[in-house]
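Coordinate analysis (summary)
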Amino acid sequence: MIAIRNLTKRYGGVAALSDCELEIGAPGIYGLIGPNGAGKTTLFDVMTGLTEPDSGTVLIEGRDVTGFSPHRLARLGVARSFQECRVFSEFTCLENLLFGARGTRAEALRLLELVNLQRYRDEPAANLSFGQRRLLEIVATFMRKPRILLLDEPASGVNPALLELLLESIRRMYEERPCLFLVVEHNMEFVMALASEIVVMHQGAVLERGSPEAVQASPRVMEAYLG
Ligand SMILES: Nc1ncnc2c1ncn2[C@@H]1O[C@H](COP(=O)(O)OP(=O)(O)O)[C@@H](O)[C@H]1O
Ligand SMILES: [Mg+2]
């Protein structure tokens, strides 16, 4: 479903991505971890067309999509949420879900229920707590029926009381429509509980990949974090 080949992206003297290689063949919930500055967000930026790589290719379902616009990639089924959380604050929760969606109002209401926001359906998203806005952003992204869903630090800044709901919501979305979730996350407990497979990035490339248990036991991974 995803094949990243020799991807390189420099910002001045910094190689955000350096000959990065990654293949993911099947739907599932995958975690993407790595120390700050490892290149995780840059990889998402390239995969969603927000930045062009200096070299290398991105293949989605076998098709070379390198350099495609965000709009075109979205139409091909690649969607994302943002590290800083992007919702339309002045629009209601329901409107946020229906905007650009490929689903019915009934579906939107059901997804609001899934994240326990049904009672805010007609309230502007600005009235929600940060964690609730994140939940809204994620279900709004899911409403677009992506085949590949990239979540950038969904748990960051979320009140611990909402974390279990967030975890459960992502699981339920996946069960409902198994797409490929790739989740960047710094909260280790969260990502290890959520993902069935973990990819570890370090210095712009993939360092390790495996089950949560294997990755947590990996000396190379530990070293990268202690770096
Ligand atoms: N727009 C940008 N301009 C300059 N440097 C950037 C930009 N985006 C990322 N970088 C640099 O590239 C490296 C990788 O960043 P990033 O992909 O955000 O890492 P991560 O998400 O893993 O923390 C960092 O050193 C970061 O400072
Ligand atoms: Mg990042």
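That block above? That's the structure.
Because the structure is a prediction, the values reported are computed rather than measured.

Pairing in this open sheet of four strands is antiparallel, and the strands run β2-β1-β4-β5 from one edge to the other. For this open sheet the edge positions go to β2 (14-24) and β5 (63-64), each flanked by a neighbour on one side alone. Looking at chain direction, strand β1 (residues 2-11) and strand β4 (residues 55-60) are connected through five bridges and run antiparallel. When the sheet's bridge partners are listed, A3 is paired in β4 with L59.

The residue T141 is located in helix α5 (residues 130-143) in this model. Among all residues touching T141, those that are not within four sequence positions of it are A79, R80, P146 and L149.

Taken together, Y11, V14, A16, N36, G37, A38, G39, K40, T41 and T42 make up the full set of residues near ligand 1. At a separation of 3.2 Å, an oxygen atom of ligand 1 approaches a polar backbone atom of A38. Within the side chain of T41, a nitrogen or oxygen atom sits 2.9 Å from an oxygen atom of ligand 1. Elements with a contribution of two residues or more to the shell around ligand 1: β2 and α1 (40-47). Residue composition of the shell around ligand 1, grouped by class: four nonpolar, five polar and one charged.

Rules and cut-offs
Residues numbered from 1 in each chain as written. Chains lettered and ligands numbered in written order. Predicted model: local features only at pLDDT ≥ 70, side-chain atom pairs only at ≥ 80, totals over all residues. Heavy atoms only, no water. Pairing = 2+ DSSP bridges. Helix = DSSP H or I, 4+ residues; strand = E, 2+ residues; numbered from the N terminus. Contact = heavy atoms within 4.5 Å. Near = heavy atom within 4 Å. Polar contact = N/O pair within 3.5 Å; in protein donor to acceptor, adjacent residues only side chain to side chain. Nonpolar A, V, L, I, M, F, W, Y, C, P; charged D, E, K, R; others polar.

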